[in-house]
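# Observations on the three-dimensional arrangement
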There are 2 protein chains.
Amino acid sequence: MTKKKVLVIGGGFGGVFAAKALEKQGRGKLEVELVNANNYFVFQPLLPEVAASSIHSADAVVPLRQLLTRLQVRQAEVMGIDFADKKVIVVQGARRVPVNLHYDELVIALGTSVDLNRFPGLPEHALTMKDLADAHRLRTHVIGCLETADVTDDPEVKRQLLTFVAVGAGFSGVETIAEVRELVRRALKYYHNIRTDEIRFYLIEYANRILPTFPADLAAYATQRLTIHGIEVLTGVGTKSATGTAVELTDGRIIPTSTIVATIGNSPHPLVATLGLDMKWGRIKTDRFMRAPGHDGLWAIGDAALIPLADDPDDDPMLYATQTAQFAVREGRQLAANVVARMNGKELKPFAYTSKGSLASLGMSKAVADVYGIKLSGTLAWLLWRGFYLSFLPGFQAKLRVGINWLVNSVMPPNIVQIQSNPPATRYIHYRKGDRVFEPGMIIDGFYTVVKGSFRLIIDNAETGEHFEKVFGPGDHFGERVLLSSSLRTGLVVAREDSIVLFIAQKAFTRLARAFPILDVYYKEYIERTFGGHDKAFAPGSTSHKAELETLP
Amino acid sequence: MTKKKVLVIGGGFGGVFAAKALEKQGRGKLEVELVNANNYFVFQPLLPEVAASSIHSADAVVPLRQLLTRLQVRQAEVMGIDFADKKVIVVQGARRVPVNLHYDELVIALGTSVDLNRFPGLPEHALTMKDLADAHRLRTHVIGCLETADVTDDPEVKRQLLTFVAVGAGFSGVETIAEVRELVRRALKYYHNIRTDEIRFYLIEYANRILPTFPADLAAYATQRLTIHGIEVLTGVGTKSATGTAVELTDGRIIPTSTIVATIGNSPHPLVATLGLDMKWGRIKTDRFMRAPGHDGLWAIGDAALIPLADDPDDDPMLYATQTAQFAVREGRQLAANVVARMNGKELKPFAYTSKGSLASLGMSKAVADVYGIKLSGTLAWLLWRGFYLSFLPGFQAKLRVGINWLVNSVMPPNIVQIQSNPPATRYIHYRKGDRVFEPGMIIDGFYTVVKGSFRLIIDNAETGEHFEKVFGPGDHFGERVLLSSSLRTGLVVAREDSIVLFIAQKAFTRLARAFPILDVYYKEYIERTFGGHDKAFAPGSTSHKAELETLP
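Notes on the structure follow. Small disclaimer: the values here were computed from a predicted structure and weren't measured. (Residues numbered from 1 in each chain as written. Chains lettered and ligands numbered in written order. Predicted model: local features only at pLDDT ≥ 70, side-chain atom pairs only at ≥ 80, totals over all residues. Heavy atoms only, no water.)

Across its full length, chain A holds 15 helices and 33 strands. On the principal axes, the C-alpha backbone points of chain A span a range of 90 × 55 × 45 Å. Relative to its 553 residues, chain A shows a buried fraction of 58%. The long-range fraction of contacts in chain A, counting pairs at least 24 apart against all pairs at least 6 apart in sequence, stands at 67%. For chain A, the accessible surface area stands at approximately 22,700 Å², while carbon and sulfur atoms represent 52% of it. Distance between charge centroids for chain A: 7 Å, based on 63 positive and 58 negative side chains. (Helix = DSSP H or I, 4+ residues; strand = E, 2+ residues; numbered from the N terminus. Buried < 20%, exposed > 50% of the residue type's maximum accessible area, 1.4 Å probe, protein only. Contact = heavy atoms within 4.5 Å. Areas by Shrake-Rupley, 256 points an atom, 1.4 Å probe, with all protein chains shown as cover. Lys, Arg positive; Asp, Glu negative; His and termini not counted. Charge placed at Lys NZ, Arg CZ, Asp CG, Glu CD.)

Written out as structure tokens, the structure is:
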């Protein structure tokens, strides 16, 4: 008898527990494979602690192959699903050849995604907290802010650098701002030029209180703790827009900051959104057995699925499985039983589960918990929270290692090592009216194209007394000096309104100009049109970049 | 009395020990500041172990601020030095404003850099081992190779993925290949589809034996140990060139591989090379007191400096301080004494030191050592090697933490978590004659411009039986489908000779086309010229990418 192939796509709580249970319950009859974009499982609730260096990143994730030793794990990106031919198309490795994976049963457990597009500037200027890379990015960013704040002479810049804002006060937002505050507090003794009273933390929530899914008294306790520790909690106010130097709230307040962490904008996984499945509230509608109707052998679980807990749930969110790890784990197990039952011609069981409670860490070894109806807060709740994670780790070895590391880390100086990463070569940058894009004396780093809004360029030549001004609108460029050998800006560019530019970093732009000699011609004409010729004052000069372009790599 | 300002640029062994000693010996009289591009000190010899996950990255580096608590540390990039005005120009943080740092005494301790340009393809396709980011990159890369090798169906690709090559067999090359082998060996049990006999390791050295600075019998022992562990040691052969899929040796051998680690190509620090100082062998010539002649208050130490150990050393390398940590530490201390002596009008002392020996780790808890003339090999040497590092760590706490982590890690399963990072948006790719750039059915990922050499494009339409061929030379482009909505390649592109392309990733290219509508016009003409019009068979199609470009970010 050939084994039936079960494919699980997505390696979060739902996918991992489904795959594990499928392998166990179907041993000998099922061939189970799990596909995930990363080769590790992320214990997402611990990401804020990774960002704060409270724990090693290796202690918040588990390699999927170590979690699922008896089944095939494939690190690959899912490109599409062919429901008719029952195959999943994936791409793996550096060689971009699509690979078809046949399935008899397919479990979609892709979770959800983040979409910040409703908030102008937030997609480009906010950090998120979904994956391990996000945690590393936040950590590196916060340390970088401290490094620069310690040596800058500009009070305005220092204020931005020392203001940390979290948008969204669910579990993730609360934990993140608490942990960032912890990192900053512990690191501070190494930054001699930063005073405690120069640092600001904000937690911004659109609802009327933080932790909206929590009992009100626990949320009040959490608010109190955060406030005691210098975190300003702003509720009943939303986020309107963001730039690289500030966040604007719906009440018109503008908070100057270099650090915005957004934990809002939950949205369907991009692939799930395009599958043409019956969706509701951005989730795949399933029956009570977690089958997605319309296709043979298709199941959905976890945050990606909308699983009814009653026969006619209609629009009552309480009658659907909630999007938590607790539920996903139970769904995964029940799903495995149903898949095996289906194969054996037995009856399927509807999914049923009642939450045992919830936990939120507040950093500083404190947490709030509501478990089996019992409310806890403080250190005891925090120990419970840590214990819950340890219990999940596979094997005694891993538990011991993580446990020891936690102990060791707790008595150590914070790890303020900043692993720098290169910013992307092309990116969109938002500016608010009056913001400076660059000013005379700045190092030239790239080239700007106006996408939306407008900017004013002002050049004053101190020697000759000459003055040049020009307005740039959509499609116009500025910062052409990137193509010249000169290294400092001579002009001031200010946003005339809320605007967006496309920024292309110097290296990428130079390479591009090389790929397209046509740009050279275009550039000459553009200079002619904009500045009235290369020989005119303030023209960015001749195409002296040619020599550079002609050097072979 | 105003304090004298001593600026130390570079945070390696030399810089750190100089700064520490300067602060101590000059307390009250000197203001010491250390400038470094990273905010941490790297214990470079441990990087291969970080790459192999044998130790946490945090245990191979120490934040400079924790190492130098009593002086100012500045994370900044040095842009230039104005010797006449006695100031160093640096750039720090995201705001690209140059900052001038005045000095009375300047210590250049910038170390050396890597320049692989003598080997075509090596700069683009080899990994290096200079910094913490390099170690992370290598680790991620090796794990990625295992992930793909476990699931690929292509034997040729599998062979490349499972072949690991280190170029250069000094300390760093030997340790790196030994540690990579260790990582692969330990990780293997989680990759069910990879057999041990499919994996190959090579260590390539131009000299006639490995570890050229070591006693011959110790090098022989090391060679023997590496060979026992399946590492093929090739001596007396150099590296000629590299591509993304192979390395070519000077004897004509071609080794198919996805992983080349280069520990060769030592060269002056880019800034040091442009200072106009008196240089020899790529190092700043100093007098016996470590002063760099020609400028007031200028000193140089560490790998960047060429410090004579005798009055007339001429061309005898043995009469100069060697480029090792041991020497750098002594130089730093002696330099501090000399700076203070100069300030007090006392006599300076010439630098004198004799090496106490050297150590090289061979991975697998083995090492070779030559200490005070006593030769050691095996586990004892390895313990000595670890002990040396511990002794260097600042404070008992740090020693304890690292010691515990080493113990814990040694009994743990290897960390095979792969933190993926995005490849750069523009990059040069080398191809050997006959290499395929892409083939029909591959996912479209970017756009190619020929920089050097030539390529043949072949399109066969199975349905119509039509056949199209074209040769592309320097300045030509291929892969235009990146601009269309279609997602798979239809053509085969093969290198006709050894060639180089500039690759621009899809996202960057689309953004670019948006910034320069002129590219659209150019592209139309190009299609016309190349394929004879959009309506012709095999033409990449109309400019249907416009819709995409018009979407706001």
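Among the nonpolar cores identified, the biggest contains 129 residues, and Leu106 and Ile108 of chain A are the most heavily contacted of them. Once residues lying within four places of it in the same chain are set aside, the contact partners of Leu106 of chain A are Leu7, Ile9, Ile81, Phe83, Val88, Gly297, Leu298 and Trp299 of chain A. Formed by 128 residues, the second largest nonpolar core is a distinct cluster that contains Val50, Met129, Val339 and Trp382 of chain B. (Core = buried A, V, L, I, M, F, W, Y, C linked by side-chain atoms within 4.5 Å.)

Our focus in this paragraph is the pattern of salt bridges. This structure, assessed with the given rule, holds 56 salt bridges over all chains. Here Asp134 of chain B makes a salt bridge to Arg137 of chain B, at a shortest N to O gap of 3.0 Å. Of this pair, Asp134 of chain B and Arg137 of chain B both sit in helix H5 (residues 132–151), three residues apart, which is roughly one turn of the helix. Asp251 of chain B serves as the salt-bridge partner of Arg253 of chain B, at 2.8 Å between the closest nitrogen and oxygen. On the accessibility criterion, Arg253 of chain B (39% relative accessible area) is partly exposed. A network of salt bridges, in which partner residues are shared, links Lys5, Glu31, Glu33 and Arg74 of chain A. (Salt bridge = Lys/Arg side-chain N within 4 Å of Asp/Glu carboxyl O.)

Right, let's get into the sheet that holds strand S30 (residues 467–472) of chain B. Residue and element names in this part refer to chain B. Spatial strand order, S27-S32-S29-S30: four strands in an open sheet with antiparallel pairing. Here the strands that pair on one side only, and so sit at the sheet edges, are strand S27 (436–438) and S30. Ignoring which end each strand starts from, the neighbouring axes of this sheet average 25 degrees apart. Pairing geometry for S27 and strand S32 (residues 492–495), over two bridges, is antiparallel. Looking at the pairing, Arg436 lines up with Val494 of S32. (Pairing = 2+ DSSP bridges. Axes fitted to C-alpha atoms, helices over the stretch in contact; angles between N-to-C directions.)

Moving on to the environment of Asp311 of chain A. Looking at the secondary structure, you find Asp311 of chain A in the loop between strand S22 (305–306) and helix H10 (325–343). Along the chain, Asp311 of chain A and Arg288 of chain A lie 23 residues apart, while their C-alpha atoms are 7.5 Å from each other.

Turning next to the side chain of Thr148 of chain A. Secondary-structure assignment places Thr148 of chain A in helix H5 (residues 132–151). A relative accessible area of 13% places Thr148 of chain A in the buried class. For Thr148 of chain A, the residues in contact, after removing those within four places along its chain, are Leu161 of chain A together with Gln92 and Gly93 of chain B.

Glancing now at the pairing of strand S15 (residues 246–249) of chain B. Here is the key point about a regular strand: its side chains alternate between the two faces of the sheet. All names here are of chain B. The two faces of S15 match: Ala246 and Glu248 on one face and Val247 and Leu249 on the other face are all buried. Bridge count for strand S14 (residues 239–242) against S15 is three bridges, and the pairing is antiparallel. Of the residues in S15, the one forming a bridge with Thr239 is Leu249. Between the end of S14 and the start of S15, which pair antiparallel, lie three residues. In terms of strand pairing, S15 meets strand S16 (residues 254–256) through three bridges, oriented antiparallel. Bridge pairing in S16 places Val247 opposite Ile255. Here S15 hands over to S16 after four residues, with Gly252 in that stretch at a positive phi of 95 degrees.

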